[in-house]
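Observations on chain architecture
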Amino acid sequence: MRSPIDDYLHGLLERCRAQDGGAVADYIPELARVDPELTGICLATIDGHVYEAGDTHVPFTIQSISKPFAYAMALEDAGVAAVEARIDVEPSGDAFNSISLDPASGRPLNPMINAGAITSTSLVSGGAGAGVSGEERLGRIVAGLSRFAGRPLAVDEDVAASESATGHRNRAIGWMLRSRGILDGDPDATLEVYFRQCAVGVDCRDLSLMAATLANGGVHPLTGERALAREHVQQVLSVMTTCGMYDAAGNWMVRVGLPAKSGVGGGILALLPGQLGLAVFSPRLDAWGNSVRGVFACGELSRDLDLHFLRASRPAHVAIAARHPVDREPSRRRRPAAERELLERVGRRGIVFELQGDVLVASAERIIRAVSSEPVDVAAIDLRDAEYVDPPSVRLLHATAARLREQGRELAFVERAGRDALGVADASEPLVFPDRDSASEWIEDRLLARHGGGGLGRAACSLDEHRLMRELSGEQLAQLAALLQPRPFAAGELIAGVGEQATEVFLLMRGELSTSVPLPDGGRRRLSTVTPGWTVGEMAVLGEGARTADTRADTDGDLLLLAADDFHALADGNPALHAALLRNMLTGAYELAAQLTRELGRPSGAGA
Ligand code: GLN
């Protein structure tokens, strides 16, 4: 399918062709030979798909677009401090070839004007003192540019010779740099490298991939090779942003708003960090030495595709997707009545906060404010749907957990299996749960302990206390007791497995059992944990089908079994008892169904 993005680029190409101002650079004689009508536009994604329109495979020389890349290599090879000692990072507002240095320090104002760029070239491979020849330095530069482009590039020797023959102004700059001690050694040797660096041949597609490599944090989207250490990307993009378009940089920032670099060969490269790279080629230049159609196309692209990097029309993401107080959304632990009553009163003081999107400082602040200002004793922050938590937010969340602890409150986290956004894998604090259900259960336990409910959980119950016996007469109780079979179990034992024929109902008298279903990813989802007084397996018996979940013992304990046949026989033999049992079983089943229904209605689905 032809993408609408292709259609858009071709439409833009036609609009570009209507722009016929400007003139081809002729101060380098060889550049004047180019067809001024050539125009190409490329958009490269950070996964390496390139959309192309027009003359995107016509070679031209990279010229000044080599400057940010040579600066990047200087940063890597000589180190940030050595580079900054010789090249400032201030926008100059001067023309690209201005003969100006900072009066006090003698430093070129930035690496994008020729004075700074020639200095960058001299610092690649560690500078003149590093004992590298011009040839080696050029080799490093061409290889470096090739890594950004993702294919081997080469110098156009005709253009290089042409510039060398006429590059008196750049030589003047070079000698001036030498006189201020910014260049070491023979400036002419550095200039020859610089001329060749500027004469490296590229096409529009190459430039878009070089831009996409910068947008992708320094890694080429197709080759996967790292062209620049991540730590230097920000510095390179910063000088492109403030100085990349020379004395037109302010206007560019207002109209286009993307880090960019132009060259007198007719190329412009621009990028939106994290999203895409753009390149335009068209040789006619404006008074600042920037491609007329290139500037036009970038302005249109930025406006039409909403690319201005300072565009703040979209408010920062609301990071809290949902709040789950445990009084309204309890865990799947079926608790004894006394615990449930207490939790109905105090459960709103325990909340799971569910986050979404990217957690950056502004959203972390909202979460912290919510957790610390609400009357919450025990909370958990569910990070599983957060795509990313940035390092400052991680620090703030840890500090919040520690601060709450000092105040006698508690904060835990829920995190996806296999990811450790908080970097707490082996720590005992804060607690991290794999799903919301287990975090909710922990919150309930903590709330019970805080509010005097620690003793309410019961290890065992008697027959008359069992929920299935509610409203049974003493006589009915005795009639039923005669049908029940004792069945002890040990921790870990499988009591009933998925698919087995349901032949009995389990009355839990002592210990704990959990029912769960296997998930396609190999994990399990808990349906419930039951405590003494609860019944398990009645649903399958009532439906006369096979077991739909596994029931496993969490502790040692005791069951009483009611055989399905005995139960069904009561319909004729003891209809009153049958009806009472049926009512009690249905009550339990509907409580579970109601909870599952509530969970399905929540934003995050079943919400395990
Ligand atoms: N090689 C050219 C020069 O130094 C590069 C200038 C440019 O592209 N703006 O003059």
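Residues numbered from 1 in each chain as written. Predicted model: local features only at pLDDT ≥ 70, side-chain atom pairs only at ≥ 80, totals over all residues. Heavy atoms only, no water.

1. Overview of unusual backbone geometry
Positioned with a positive phi, Gln-63 is a non-glycine residue whose angle comes to about 50 degrees. As for its placement among the helices and strands, Gln-63 is situated in the loop between strand 4 (60-61) and helix 2 (66-78). Its identity is not glycine, yet Asp-306 carries a phi of approximately 60 degrees, on the positive side. If you trace the backbone, Asp-306 turns up in the loop between helix 12 (292-304) and strand 10 (320-325). Asp-306 sits in the partly exposed class, given a relative accessible area of 41%. (Helix = DSSP H or I, 4+ residues; strand = E, 2+ residues; numbered from the N terminus. Buried < 20%, exposed > 50% of the residue type's maximum accessible area, 1.4 Å probe, protein only.)

2. Considerations on helix 8 (residues 187-198)
With 12 residues, helix 8 ought to run about 16 Å at 1.5 Å a step, and its terminal C-alpha atoms sit 16 Å apart, in line with that. Of all the positions in helix 8, only Pro-187, Thr-190, Leu-191, Val-193, Tyr-194, Phe-195, Gln-197 and Cys-198 are classed as buried. (Expected span 1.5 Å × (residues − 1).)

3. Examining the UniProt feature "domain: STAS" (unreviewed entry) in the protein
If you check UniProt for "domain: STAS" (unreviewed entry), the listed places come out as residues 351-414 in our numbering. Structurally, residues 351-414 is divided into 45% helix and 34% strand, and its ends, taken at the C-alpha atoms, are 12 Å apart. (UniProt positions renumbered as here; feature names shortened; annotations may be inferred.)

4. Brief notes about the packing of helix 2 against helix 5 (residues 134-149)
Following both chains from N to C, one finds helix 2 and helix 5 inclined at 110 degrees, their axes separated by 10 Å at the closest point. Between helix 2 and helix 5, the crossing angle belongs to the class labelled roughly perpendicular. For the pair helix 2 and helix 5, the sense of crossing is right-handed. Contact residues: helix 2 offers Ser-66, Phe-69, Met-73, Glu-76 and Asp-77, while helix 5 offers Arg-140, Ile-141, Gly-144, Leu-145 and Phe-148. The residue makeup of the contact of helix 2 with helix 5, split by class, is 5 nonpolar, 2 polar and 3 charged. (Axes fitted to C-alpha atoms, helices over the stretch in contact; angles between N-to-C directions. Parallel < 35°, antiparallel > 145°, perpendicular 65-115°, else oblique. Left-handed = near helix turned anticlockwise from the far one by under 90°. Contact = heavy atoms within 4.5 Å. Nonpolar A, V, L, I, M, F, W, Y, C, P; charged D, E, K, R; others polar.)

5. Some details on the pattern of salt bridges
Oppositely charged side chains are able to pair whenever their charged atoms sit close together. The full count for this structure, using the stated rule, is 42 salt bridges. Across the pair Glu-157 and Arg-196 runs a salt bridge, and its minimum N-O distance is 3.2 Å. Here Arg-196 lies in helix 8 and Glu-157 lies in helix 6 (residues 157-166), a separation of 39 residues in the sequence. Residue Asp-304 is joined to Arg-303 by a salt bridge in which the shortest nitrogen-to-oxygen separation is 3.1 Å. A relative accessible area of 32% means that Asp-304 is categorised as partly exposed. Linked through salt bridges whose partners overlap, the residues forming this network are Glu-157, Arg-171, Asp-188, Glu-192 and Arg-196. (Salt bridge = Lys/Arg side-chain N within 4 Å of Asp/Glu carboxyl O.)

6. Some details on the packing of aromatic side chains
Scanning the model with the defined rule gives 5 aromatic pairs in all. Between Tyr-27 and Phe-96 the ring centres are 6.2 Å apart and the planes differ by 45 degrees, which places this aromatic pair in the tilted class. Taken as a pair, Tyr-27 in the loop between strand 1 (23-24) and strand 2 (40-45) and Phe-96 in the loop between helix 3 (80-86) and helix 4 (114-123) lie far apart in primary sequence, 69 residues in all. Owing to a relative accessible area of 39%, Tyr-27 belongs among the partly exposed residues under this scheme. For Phe-96, a relative accessible area of 11% translates into the label buried. Centre to centre, the rings of Tyr-194 and Phe-195 are 6.0 Å apart; their planes meet at 55 degrees, and the pair counts as tilted. (Phe/Tyr/Trp six-rings, centres within 6.5 Å; stacked < 30°, edge-to-face > 60°.)

7. Quick look at the nonpolar core
Ranked by size, the top nonpolar core spans 72 residues in total, and within it Phe-69, Leu-145, Leu-207, Met-210 and Leu-269 carry the most contacts. A total of 8 residues in this core trace back to one element, the largest contributor, which is helix 9 (residues 204-215). In this structure Met-210 touches Ile-62, Phe-69, Leu-145, Phe-148, Ala-149 and Leu-269, once residues within four positions along its chain are discounted. Among the nonpolar cores identified, the runner-up in size contains 25 residues, and Val-371, Ala-386, Leu-404 and Leu-422 belong to it. (Core = buried A, V, L, I, M, F, W, Y, C linked by side-chain atoms within 4.5 Å.)

8. Examining the UniProt feature "binding site: substrate" (unreviewed entry) in the protein
The feature "binding site: substrate" (unreviewed entry), as given by UniProt, occupies Ser-64, Asn-114, Glu-163, Asn-170, Tyr-194, Tyr-246 and Val-264 in the numbering adopted here. In the annotated group above, the second largest cavity draws its lining from Ser-64, Asn-114, Glu-163, Asn-170, Tyr-194 and Val-264. Residue placement: Asn-114 occurs in helix 4. Residue classification places Asn-114 among the buried positions, given a relative accessible area of 3%. Sequence-distant contacts of Asn-114, defined by excluding residues within four places in its chain, comprise Ser-64, Lys-67, Phe-96, Asn-97, Asn-170, Ile-173 and Tyr-194. Ignoring anything within four residues of it in the chain, the contact list for Tyr-246 reads Ser-64, Lys-67, Asp-94, Phe-96, Met-112, Ile-113, Lys-261, Ser-262, Trp-288 and Asn-290. (1 Å grid on protein atoms, 1.4 Å probe; cavity = no way out; pocket = protein on both sides within 12 Å on 5 of 7 lines; lining within 4 Å.)

9. Description of the site of the ligand
What surrounds the ligand is the set Tyr-27, Gln-63, Ser-64, Phe-96, Asn-114, Glu-163, Asn-170, Tyr-194, Cys-198, Tyr-246, Gly-263 and Val-264. At 2.6 Å from an oxygen atom of the ligand is found a side-chain nitrogen or oxygen belonging to Ser-64. Separating an oxygen atom of the ligand from a side-chain N or O atom of Asn-114 is a distance of 3.0 Å. Starting from 300 Å² of accessible surface for the ligand in isolation, the protein chains cover 99%. Placement of the ligand is best described as lying within the second largest cavity. Its residues assigned to classes, the shell around the ligand shows 6 nonpolar, 5 polar and 1 charged. (Near = heavy atom within 4 Å. Polar contact = N/O pair within 3.5 Å; in protein donor to acceptor, adjacent residues only side chain to side chain. Areas by Shrake-Rupley, 256 points an atom, 1.4 Å probe, with all protein chains shown as cover. Sits in = over half its atoms within 2 Å of the grid points.)

10. Here's the deal with the side chain of Ser-516
Among the secondary structure elements, Ser-516 is positioned in strand 21 (residues 513-518). According to the relative accessible area criterion, Ser-516 is buried, its value standing at 13%. Reaching out from Ser-516, the side chain makes a polar contact with the side chain of Arg-524 at a distance of 2.8 Å. Setting aside residues up to four positions removed in sequence, Ser-516 forms contacts with Arg-524, Arg-525, Arg-526, Leu-527, Ala-549 and Asp-550.

11. Regarding helix 15 (residues 391-406)
When the terminal C-alpha atoms of helix 15 are compared, their 23 Å separation across 16 residues agrees well with the 22 Å that a helix rising 1.5 Å per residue should span. Those residues of helix 15 that sit buried are Ser-393, Val-394, Leu-397, Thr-400, Ala-401 and Leu-404. An end-on view of helix 15 places all buried positions within 120 degrees of arc, on one side of the element. Opposite its buried face, helix 15 presents the exposed residues Arg-395, Arg-403 and Glu-406, each directed more than 90 degrees away. Directly after helix 15, the chain includes Gly-408, whose backbone phi takes a positive value near 80 degrees. (Arc of directions from axis to C-beta.)

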